[in-house]
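Close look at the chain arrangement
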Amino acid sequence: MGELKRALDARGHAVLEMPTGTGKTAALLSLITSYALANPSRPLRLLYCTRTVHEMEKTLAELRLLFSHLPDPSHLLAFGLSSRKNLCVHPQVSASAAVDTGCRRLTASWVREKAASDRESTTPLCDYFETFDTAAHRGDLASYISPGVCTLADLRSLGCQRRICPYFLARHLVKHANVVVYSYQYLLDPKVASIVSREMMMHKECVVVFDEAHNIDNVCIEALSVTIRKQTLEGARRNLRHISQQIDRFKATDANKLRAEYNRLVDGLAQSGHLPISDAWLANPALPHDVLKEAVPGNIRRAEHFLAVLCRLVWFLDQRLETENVVNERPVSFAASIDSIAGIDKMMLSDQLPVSTKFDMRSEPGVVRNYGRLLLEMASAVPDGIVCFFVSYSYMDGIVSSWNDMGILQGTMQHKLVFIETPAVVETTLALDNYRKACNCGRGAVFFSVARSPNKVFPHVEFCERQRQAAQCVGRVIRSKADYGMMIFADKRYSRHDKRSKLPGWILSHLNAAHLNLSTDMALHTAREFLRRMAQPYDKAGSGQKTLLTEEDLQVMSQDGMDM
């Protein structure tokens, strides 16, 4: 135990080997808990990882016995966290074979939104989760559990007595607990750890113990492995066909609504005398079939795009399964073959972390990488200039340094020159002048700038203040009738209506459903379509068709229609 004490003092690592039955669990818990109590100025949190639920229960029993011998454990909280299957107390869901699926059908955000929007709806909800959600909004979840050791059975009993979901309650209490006992996967599996253990691991003074650590390699391999069979791909094809049918149904519904709205508009104009009541207008509709086909809401467009990617992926995997030989291939090579054969970039499959400059997310490697990928893709598509605004000089310096280490900056400079604003006025003026020259000569350039803030406290500026700065920044794009440009609000918070609605009206008028919450590849597709459309010849002198019709013009158009 002396070696473990020295490892704790040095904030280092230790590998302990003890025979079975010698009390290593009790020894570890005793020393680490006592160490935390003896160092109140250095509050420690203990993550104790076990391989099975049975071992978790044994650890919690040892911990309860230990707490009974502590002089003052009244401020310590320890509990076990397991899956929905082991914690669910809903009568019907807990009795089913697929507890996770049953839980999501009652607690998913879209299910609850549907039930809230229609008071007469018969959509079933989970009363236990609703109690949890109400208590979370009130901020009194801590009143549902008292300090001490809480086993899985204790959590289930509490859930039945107080009619609150023990699974989500335990998930919430992770960031407040002194000791958490849970499975290896909650820490080693990246998908699970990003959801469950993120709050805990952000705590700098955190001691992690792996019980039966010789199983770690197998757990890691299992967490990052997937088994694909012919039956798996057949099931995927069936699901894709079902999704395609749903998309077609939604598309037909929206097209019918659009045509009906158009017909009502034509009828109204005809009845008011602005259009002739004849078959000519009906035979030559202003809303032909190809327009109807393209007038699809943004969610359907994204669904079609995503469906096409999945179909190509299933086809690729099916081709790979046709081989009769065993092939040993590294992940990088496998991802490259998906890109070259199926036309699917590896980032589309492996990195879908949303981007945001929110203070607790902005420095995450995945967020930084995705911002860089967005810049790199746009630099390859935009012909002239790109201005990238950052929230502060320090954040810009950190991001640019990270992009340089990731190779993103070098990739961007393959397409455009890069100029960076500095606090020095002379240097910035020179950089701006060279940026304009690079754009005018056809070389293209990227300019990294900082969105100014009047209070200068960049890390903690409210988002509404950031929105005001963003609106001022994008307003620089349009300065005359002949100007055009793309304004990319690269932050997941703009997908929320309550945040987006605070933008100026002239920006909101161009933010339709097709342009919201896009992935990088779909944003690139939208950018290319926009740039291709805007590259068509345009009469800057304004000597072409009129853009403002007078009453006389309308009368002439109406008379021409009657003559037809």
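Here goes a summary of the coordinates provided. The residue numbers shown here count from 1 along each chain, following its written sequence. Reporting in this predicted model follows two pLDDT cut-offs: at least 70 for local features of residues, and 80 or more for side-chain atom pairs to be given and counted; totals over whole chains, interfaces and linings ignore these cut-offs and use all residues. Heavy atoms from the whole structure form the basis of all side-chain values; hydrogens and water molecules are not counted.

Details of the sheet that holds strand S5 (residues 206–210)
Taken in spatial order, the five strands make up an open sheet running S3-S2-S4-S1-S5, and their pairing is parallel. Bordering the open sheet on either side are strand S3 (148–150) and S5, each of which pairs with just one other strand. Each strand axis lies, on average, 15 degrees off the axis of its neighbour in the sheet, ignoring direction. Strand pairing requires that DSSP identify at least two bridges connecting the strands. Helix numbering and strand numbering both begin at the N terminus, where a helix is a DSSP run of H or I of at least 4 residues and a strand a DSSP run of E of at least 2. When strand S1 (residues 45–50) meets S5, the two strands line up parallel, connected through five bridges. What sits directly across from Leu47, in S5, is Val208. Here, two residues are considered to be in contact whenever any of their heavy atoms come within 4.5 Å of each other. Interaxial angles span 0 to 180 degrees and are taken between N-to-C directions of axes, which are lines fitted to C-alpha atoms, for helices over the stretch in contact. Here helix H2 (residues 24–38) sits on the sheet in contact with S1 and S5, set at roughly 165 degrees to S1.

Re the pattern of salt bridges
Once their charged atoms are close, side chains differing in charge can pair, the charge on each being opposite to the other. By convention in these notes, a salt bridge is any Lys or Arg side-chain nitrogen within 4 Å of a carboxyl oxygen on Asp or Glu. For the structure on display, the rule yields 16 salt bridges. Note that Arg64 is salt-bridged to Asp154, the shortest N-O span being 2.5 Å. Note that Arg64 is positioned in helix H3 (residues 53–67) and Asp154 in helix H9 (residues 152–162), a separation of 90 residues in sequence. Residue Arg64 is classed as partly exposed on the basis of its relative accessible area, which comes to 40%. For the salt bridge of Arg320 with Glu329, the shortest nitrogen-to-oxygen distance reads 2.6 Å. Relative accessible area decides the class of each residue, using a 1.4 Å probe on protein chains only: under 20% of the type maximum gives buried, over 50% gives exposed, and in between gives partly exposed. Judged by relative accessible area, Glu329 falls into the partly exposed class, the value being 27%. Through salt bridges with shared partners, a single ionic network connects Lys230, Glu234, Arg237, Asp318 and Glu322.

What to know about the state of the cysteines
Cysteine sulfur atoms that pair up within 2.5 Å are treated as a disulfide. A full pass over the atoms with the stated rule returns zero disulfides. Of the cysteine sulfurs around Cys103, a residue in no disulfide, the closest is that of Cys165, at 6.0 Å. For Cys103, a relative accessible area of 11% corresponds to the buried category.

Re the environment of Leu155
One can find Leu155 in helix H9. Note: C-alpha distance between Leu155 and Pro166 (eleven residues apart in sequence) is 5.5 Å. Beyond its immediate sequence surroundings of up to four residues, Leu155 is in contact with Gly80, Leu87, Ile145, Cys150, Pro166 and Ala170.

Considering the sheet that holds strand S8 (residues 445–450)
Sheet architecture is open: three strands sit in the order S6-S8-S7, paired in parallel fashion. Either end of the sheet is taken by a strand with one partner, and the two such strands are strand S6 (385–390) and strand S7 (417–420). Averaged over neighbouring strand pairs, the angle between their axes works out to 20 degrees when direction is ignored. In terms of strand pairing, S7 meets S8 through four bridges, oriented parallel. Looking at the pairing, Ile420 lines up with Phe448 of S8.

Some details on unusual backbone geometry
Of note in the backbone geometry, Arg11 takes a positive phi value of approximately 55 degrees without being a glycine. Structurally, the position occupied by Arg11 is in the loop between helix H1 (2–9) and H2. For Arg11, a relative accessible area of 55% gives the class exposed. With a phi angle near 55 degrees, Arg163 is a residue other than glycine that sits in the positive phi range. Relative to the helices and strands, Arg163 is located in the loop between H9 and helix H10 (166–173). Residue classification places Arg163 among the partly exposed residues on the basis of a relative accessible area of 42%.

Describing the environment of Asp127
As for its placement among the helices and strands, Asp127 is situated in helix H8 (residues 127–138). In this structure the C-alpha to C-alpha distance between Asp127 and Leu106, which are 21 residues apart in sequence, comes to 9.1 Å.

Quick look at H1
All of the buried residues along H1 are Leu4, Ala7 and Leu8. Summarising the axial view, the buried residues of H1 lie within an arc of 100 degrees, below the 170-degree limit, and thus occupy one face. Turned more than 90 degrees away from the buried face of H1 sit Glu3 and Arg6, all of them exposed. On its buried face, H1 sits against H2 and S5. One or two residues past the end of H1 sits Arg11, with phi positive at roughly 55 degrees. In this description, the arc belongs to the directions extending from the helix axis to the C-beta atoms.

Some remarks on H10
Burial of H10 is extensive: six of the eight residues sit out of reach of the surface. Buried residues of H10: Pro166, Tyr167, Phe168, Leu169, Ala170 and Leu173, and no others. Contacts from the buried residues of H10 go to strand S2 (77–81), helix H4 (84–87), helix H6 (99–107), H8 and H9.

Some words on the packing of aromatic side chains
Here a Phe, Tyr or Trp ring, Trp counted by its six-membered ring, pairs with any other such ring whose centre lies within 6.5 Å, and the pair is stacked when the planes are under 30 degrees apart, edge-to-face when over 60, and tilted otherwise. Taken as a whole and judged by the stated rule, the model has 14 aromatic pairs. Note on Phe132 and Phe168: the rings are 5.9 Å apart at their centroids and 35 degrees apart in plane angle, and the pair reads as tilted. Here the residue Phe132 occupies a position in helix H8, and Phe168 occupies one in helix H10, the gap between them amounting to 36 residues. Assessed through its relative accessible area of 13%, Phe168 is described here as buried. Note on Phe390 and Trp403: the rings are 6.1 Å apart at their centroids and 55 degrees apart in plane angle, and the pair reads as tilted. With Phe390 in strand S6 and Trp403 in helix H22 (residues 393–406), the pair connects residues that are 13 residues apart, well separated along the chain. Phe390 gets classed as buried once you look at its relative accessible area, which sits at 5%. Here the aromatic residues Phe129, Phe132, Tyr167 and Phe168 are joined through ring pairs into a cluster of three or more.

Section: a nonpolar patch on the surface
Within the patch definition used here, like charges are joined within 9 Å and nonpolar side chains (Val, Leu, Ile, Met, Phe, Trp, Tyr) within 5 Å, considering only residues with over 30% relative accessible area and no salt bridge. Residue burial considers only the protein chains on display, and all accessible areas are found by Shrake-Rupley using a 1.4 Å probe. A surface patch of nonpolar side chains, about 250 Å² in accessible area, is lined by Val226, Ile228 and Leu321. Its location among the elements puts Leu321 in helix H18 (residues 298–321).

Description of the pairing of strand S4 (residues 179–183)
Counting buried residues along S4, five of its five residues qualify, which places the element largely inside the surrounding structure. Strand direction decides the pairing type here: S1 and S4, joined by five bridges, are parallel. Across the sheet, residue Leu46 finds its bridge partner in S4, namely Val179. With four bridges joining them, S2 and S4 adopt parallel strand pairing. Bridged to Ala78 within S4 is Val179.

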